[in-house]
Amino acid sequence: MDLIEELRWRGMFHDMMPGTDEHLRQNAPITGYIGFDPTAPSLHIGNLATIMLLVHLQRAGHRPLALVGGATGMIGDPSGKSAERNLLDEEALRRNQAGIRAQLEKFLVFDDSPTGARVVNNYDWFKEFGFLQFLREVGKHLTVNYMMAKDSVKRRISGNEESGAEGLSYTEFSYQLLQGYDFYHLYKELGTTLQMGASDQWGNITTGTELIRRMSGGEGKAYALTGQLITKADGTKYGKSETGTVWLDGSMTSPYQFYQFFLNAADADVPRLIRVFTLLPQAEIEALEAEHAQAPHLRTLQKALAKDVTIRVHGEAAYEAALAASQVLFGGGDLATLDEATLLDVFAGVPRVEVSRDTLSEQNVIGLLSEATNSVIFPSKGEAKKMIQQGGVSLNRSKATLEQQATEVPLLLNQYIVAQKGKKNYYLIKVV
C-alpha cells in the first residue's frame, strides 16, 4: 500500500497538489518535511497526528525531515488563530527545540540511510539573513495581493471584535513568506520536494511551492500534501482534557493522565483515533471494532488505542504503571504499588484533607473519619460509626472496624490514607 492509499483508509488525507501521487510513486525515495512550532517545551496530541504523517512517509520508503522553527517560532503563524501570540526569546526556543527533537526520535528512525530521518532548524539559515537582503532576494517574488488571498490572512484582516479576531501585524503577515523560503532552502540544499502539514497549513505550504517555482525561473517543481485536522465527533478540536492540553512530555502530562485521556475517548471518536494514532493494520483494527461492537462497555477499542499510544510515547514500563493505576479506582489495583505522583494523579479529583500525626495518634477510625478531618468525610461520629458497622468504609482498601485505632492503618508512602465511603466516594487523607 502506498502513502496516499494508507492515509486515505486511515482517514488522515485531506488534499494534495496535482501530480503529488505520481511524484511519490515514481521518484522514491523523495524527501518530505513538516514544520513544528517550538513555542512550548513539548509537542502535544494535536501535533501527534502530524508526526504520524512523517511516520507513514518513512514507512512508505521516503525520507522525512522535521523542521523545528527556531526562526519562525520567534514570529508566530497566524493560521487557525485569532490573536497575536506572545514571542519567546532565543534561549527558551533552543530549550524547547531540544525537547521536541527527543520526542520525534520516539517515532522516526534516525540513521544515515536514504530514508533516515533528520531534524533541521530554520534559525540556522535565517540567523545571518539580513532584512534588506531577504526583501531583495525573496520578497520581490510574491505580490501582496497573492499573500493577502490566503485564507489565514483574510480571516484575520476581515475579523471584527464580535468574531474575536484582533487584526494581523506585519510580523505575522510575513510568516508565510518565511515558511515559503524554508521550503525553497530545503529544496535547494537537500532536494526536498514535498511539504506536509495539517489542512490549515495549505496556504503556507503552497506559498512555498510557488516561491520555489518563481525563484527557480519557472523550472522548480515541488508538491504539497495536507492531512485532516483531528476533531471530535461534535466538531470540536481534539487534544485537550478537562485539565488542559495533553502533552507528550511526561512531566507536563503524566503517563497515567495520558493513558486515561485515550481510555476515556468517546465511542463515536475512537474508530478514527485508532486509525490516526496507531500503526495497527486495517484487518486488526476492523477485528477490534467488531469485538467492541459486541460489548461496548468493555471499551476494547479504547484499551487498544490507549495501550499502543502510551507505549509509543512513554514506554512499556510507563504503560504498565498507568494500567495498574487505572485499575485502582475499580478495586483491582494495589495502592501500595503506586508512587506519590501516580497516587496523586489517580485521586486528583477527590476531596483532600490533612491531619497531623499527633491528631492521628489520638483518634480511632471513627474520629479520624469525622471530627479529625473537619467533617469532610462524615459530618458526625454517629454517621461514621453507622456506615463502618454496615461494612461500607475502607481505608487503603481494607475494611474499617469500630475497634480500630487510626495509627493501625498502614500509611501509603508513610503519609497517605485513601478512604472509601460506599462504592464510589473517595477521599485522600494526608498525614503531616
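Note that the structure is predicted; figures quoted are calculated from it, not measured.

Draft legend 1. The arrangement of helix 11 (residues 202–215) in detail. When the terminal C-alpha atoms of helix 11 are compared, their 20 Å separation across 14 residues agrees well with the 20 Å that a helix rising 1.5 Å per residue should span. With eleven of 14 residues buried, helix 11 lies mostly within the body of the structure. Taken together, the buried positions of helix 11 are occupied by Gly-203, Asn-204, Ile-205, Thr-206, Thr-207, Gly-208, Thr-209, Glu-210, Leu-211, Ile-212 and Met-215. Structurally, helix 11 contributes buried residues whose contacts are with helix 6 (131–137), helix 7 (144–148), helix 10 (175–190), strand 5 (192–198) and strand 6 (223–227). Positive phi shows up at Gly-217, right after helix 11, with a value of about 65 degrees.

Draft legend 2. Region of the structure containing the packing of helix 12 (residues 255–263) against helix 16 (residues 316–328). Between helix 12 and helix 16, the least distance of the axes is 9 Å, while the angle of their chain directions is 70 degrees. Accordingly, the angle class assigned to the pair helix 12 and helix 16 is roughly perpendicular. Regarding helix 12 and helix 16, the two cross each other, and that crossing is right-handed. Of the residues in helix 16, those in contact with Pro-255, Tyr-256, Tyr-259 and Gln-260 of helix 12 are Ala-318, Tyr-319, Ala-322, Leu-323, Ala-325 and Ser-326. Of the residues that constitute the contact of helix 12 with helix 16, the class distribution is eight nonpolar, two polar and no charged.

Draft legend 3. Highlighting the sheet that holds strand 6. Taken in spatial order, the six strands make up an open sheet running 1-6-5-2-3-4, and their pairing is mixed. At either end of the open sheet lies a strand with only one pairing partner, and these are strand 1 (13–16) and strand 4 (118–121). Neighbouring strand axes in the sheet, compared pairwise and without regard to direction, differ in orientation by 25 degrees on average. Two strands pair when backbone bridges link them, and strand 2 (residues 31–36) and strand 5 are joined in this way by three bridges, in the parallel orientation. Its bridge partner being in strand 5, Tyr-33 is matched across the sheet by Gln-195.

Draft legend 4. Here's a closer look at the sheet that holds strand 11 (residues 398–399). Overall, mixed pairing links the five strands, which are arranged 9-13-12-10-11 in an open sheet. Unpaired on one side and paired on the other, strand 9 (352–355) and strand 11 mark the two borders of the sheet. Pairing of strand 10 (residues 393–395) with strand 11 involves two bridges; the strand directions are antiparallel. Among the inter-strand pairings, Ser-394 is bridged to a residue of strand 11, identified as Lys-399.

Draft legend 5. View of unusual backbone geometry. For the bond running from Ala-28 to Pro-29, omega is -5 degrees, close enough to zero to count as cis. Take Pro-29: it is sitting in the loop between helix 2 (20–26) and strand 2. Phi is positive for Arg-299, close to 55 degrees, though the residue is something other than glycine. Here Arg-299 is to be found in the loop between helix 14 (282–294) and helix 15 (300–314). The phi dihedral of Ser-375 is positive, around 60 degrees, even though this residue is not glycine. If you trace the backbone, Ser-375 turns up in the loop between helix 19 (365–368) and helix 20 (381–389). The class for Ser-375 is partly exposed, based on a relative accessible area of 36%.

Draft legend 6. Summary view of the side chain of Arg-275. Within the secondary structure layout, Arg-275 lies in helix 13 (residues 270–277). Within the structure, the side chain of Arg-275 is placed 2.5 Å from the side chain of Glu-289, a separation counted as a polar contact. If sequence neighbours within four positions are ignored, Arg-275 has contacts with Trp-9, Arg-10, Met-12, Ile-285, Glu-286 and Glu-289.

Draft legend 7. Here's a closer look at the environment of Leu-186. Its place among the elements puts Leu-186 in helix 10. The exposure class assigned to Leu-186 is buried, which follows from its relative accessible area of 1%. Sequence-wise, Leu-186 and Leu-57 are 129 residues apart; in three dimensions their C-alpha atoms are separated by 17 Å.

Draft legend 8. Layout of the pairing of strand 9. In strand 9, alternate side chains face the same way, and those of Val-353 and Val-355 are buried while those of Arg-352 and Glu-354 on the opposite face are not. Judged from the four bridges that link them, strand 9 and strand 13 (residues 425–431) form a sheet pairing that is parallel. Looking at the pairing, Val-353 lines up with Ile-429 of strand 13.

Draft legend 9. Geometry of the environment of Trp-247. By the element assignment, Trp-247 lies in the loop between strand 8 (244–245) and helix 12. Overall, the relative accessible area of 18% leaves Trp-247 in the buried class. Through-space distance from the C-alpha of Trp-247 to that of Gln-257 is 9.9 Å; in sequence the pair is ten residues apart. With residues near it in sequence (within four places) discarded, Trp-247 still touches Ala-40, Ser-42, Leu-43, His-44, Met-252, Thr-253 and Phe-258.

Draft legend 10. Structural detail: helix 12. The element helix 12 is largely enclosed, with a buried count of seven among its nine residues. For helix 12, the full list of buried residues reads Tyr-256, Phe-258, Tyr-259, Gln-260, Phe-261, Phe-262 and Leu-263.

Draft legend 11. Spotlight on a nonpolar patch on the surface. The grouping of Phe-131, Leu-132, Leu-135 and Tyr-170 at the surface amounts to a nonpolar patch, some 480 Å² of accessible area in total. Ranked by the residues each element gives to the nonpolar patch, the list is headed by helix 6, at three residues. Checked against the element boundaries, Phe-131 lands in helix 6.

Analysis parameters
- Residues numbered from 1 in each chain as written.
- Predicted model: local features only at pLDDT ≥ 70, side-chain atom pairs only at ≥ 80, totals over all residues.
- Heavy atoms only, no water.
- Helix = DSSP H or I, 4+ residues; strand = E, 2+ residues; numbered from the N terminus.
- Expected span 1.5 Å × (residues − 1).
- Buried < 20%, exposed > 50% of the residue type's maximum accessible area, 1.4 Å probe, protein only.
- Contact = heavy atoms within 4.5 Å.
- Axes fitted to C-alpha atoms, helices over the stretch in contact; angles between N-to-C directions.
- Parallel < 35°, antiparallel > 145°, perpendicular 65-115°, else oblique.
- Left-handed = near helix turned anticlockwise from the far one by under 90°.
- Nonpolar A, V, L, I, M, F, W, Y, C, P; charged D, E, K, R; others polar.
- Pairing = 2+ DSSP bridges.
- Polar contact = N/O pair within 3.5 Å; in protein donor to acceptor, adjacent residues only side chain to side chain.
- Patch = residues over 30% accessible without salt bridge, like charges linked within 9 Å, V, L, I, M, F, W, Y side chains within 5 Å.
- Areas by Shrake-Rupley, 256 points an atom, 1.4 Å probe, with all protein chains shown as cover.
- Salt bridge = Lys/Arg side-chain N within 4 Å of Asp/Glu carboxyl O.

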